[in-house]
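# Architecture at a glance
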Amino acid sequence: MSELSKLDDPDYPAYTIGQAAELLSVQQAFLRSLDTADVVSPYRSAGGHRRYSRRQLELVSRLREQLDNGHTLSAASHILDLENELAATRDDLAEARSDLQAARQEISDLRAQLARVTGQAGQESGGEASAGSEDAAEHRPDDEEEEEGRR
């Protein structure tokens, strides 16, 4: 991976605290307080300087929205955790639905294949198997009992 392509990685710590604060229109002290509270833990450079990734900046932006709506930091963090969990559950559900649809299609294909194979087998044996099962379906002992009960 070239050095420049690292910038495409949403987890690459590319932004200094000053750049992050400017991009988010917040004070650097706000970002430091999130780090102190273990809500957002930026990468530390060799010199100990905070470096933020795009994913962390998105998280801080979402936290800021919740704080602006009057939630405490703890509540805002919990809300974001629940939102993330809900999004993951929705993704899992969509994947399960897709898997179910694929399984239903496979069952349908197998049933069609079975019908073709059993239909060919019935035709090759002169149709005796299908005729015998039709006779059995037409004349069942339960039908006789119902007939007698009506008389």
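Here, the structure is the one placed above.
These figures come from a predicted structure and were not determined experimentally. (Residues numbered from 1 in each chain as written. Predicted model: local features only at pLDDT ≥ 70, side-chain atom pairs only at ≥ 80, totals over all residues. Heavy atoms only, no water.)

With antiparallel pairing, 3 strands are arranged side by side in an open sheet as β1-β3-β2. Each having just a single partner strand, β1 (15–16) and β2 (43–44) make up the two edges of the open sheet. The sheet contact formed by β1 and strand β3 (residues 50–52) spans 2 bridges and is antiparallel. Bridging from a neighbouring strand, Tyr15 pairs with Tyr52 of β3. (Pairing = 2+ DSSP bridges. Helix = DSSP H or I, 4+ residues; strand = E, 2+ residues; numbered from the N terminus.)

Our next topic: a negative patch on the surface. A grouping of Asp91, Asp92, Glu95 and Asp99 is seen on the molecular surface, where their side chains present a negatively charged patch. Position of Glu95 relative to the elements: it lies in helix α4 (residues 73–124). (Patch = residues over 30% accessible without salt bridge, like charges linked within 9 Å, V, L, I, M, F, W, Y side chains within 5 Å. Areas by Shrake-Rupley, 256 points an atom, 1.4 Å probe, with all protein chains shown as cover. Salt bridge = Lys/Arg side-chain N within 4 Å of Asp/Glu carboxyl O. Lys, Arg positive; Asp, Glu negative; His and termini not counted. Charge placed at Lys NZ, Arg CZ, Asp CG, Glu CD.)

So, about the nonpolar core. Core analysis: the largest hydrophobic core is formed by 15 residues, its most contacted members being Leu31, Tyr52 and Val60. Elements that contribute at least two residues to this core include exactly α1 (17–24), α2 (28–36), α3 (54–68) and α4. In terms of residue count, α1 provides more of this core than any other element does, 4 residues in total. Leave out the neighbours within four places in its chain, and Leu31 touches Ile17, Ala20, Ala21, Leu24, Val26, Tyr52 and Val60. (Core = buried A, V, L, I, M, F, W, Y, C linked by side-chain atoms within 4.5 Å. Buried < 20%, exposed > 50% of the residue type's maximum accessible area, 1.4 Å probe, protein only. Contact = heavy atoms within 4.5 Å.)

Attention now goes to the packing of α2 against α3. The geometry of α2 relative to α3 is characterised by a closest axis approach of 12 Å and an angle of 100° between their N-to-C directions. One way to sum up the angle between α2 and α3 is to call them roughly perpendicular. On the side of α2, the interface is formed by Phe30, Leu31 and Leu34, while α3 contributes Val60, Leu63, Arg64 and Leu67. Tallied by class, residues from the contact of α2 with α3 come to 6 nonpolar, no polar and 1 charged. (Axes fitted to C-alpha atoms, helices over the stretch in contact; angles between N-to-C directions. Parallel < 35°, antiparallel > 145°, perpendicular 65-115°, else oblique. Nonpolar A, V, L, I, M, F, W, Y, C, P; charged D, E, K, R; others polar.)

This next bit is on the environment of Leu7. Mapped onto the fold, Leu7 is located in the segment before β1. With residues near it in sequence (within four places) discarded, Leu7 still touches Tyr12, Ala14 and Arg54.

So, about the side chain of Arg50. Turning to its location among the elements, Arg50 is positioned in strand β3. Note on Arg50: relative accessible area 18%, which makes it buried. Sequence-distant contacts of Arg50, that is, excluding residues within four places in its chain, are made with Tyr15, Thr16, Ile17, Arg32, Asp35, Pro42, Tyr43 and Arg44.

None of the figures reported here should be taken as evidence of function without further support.
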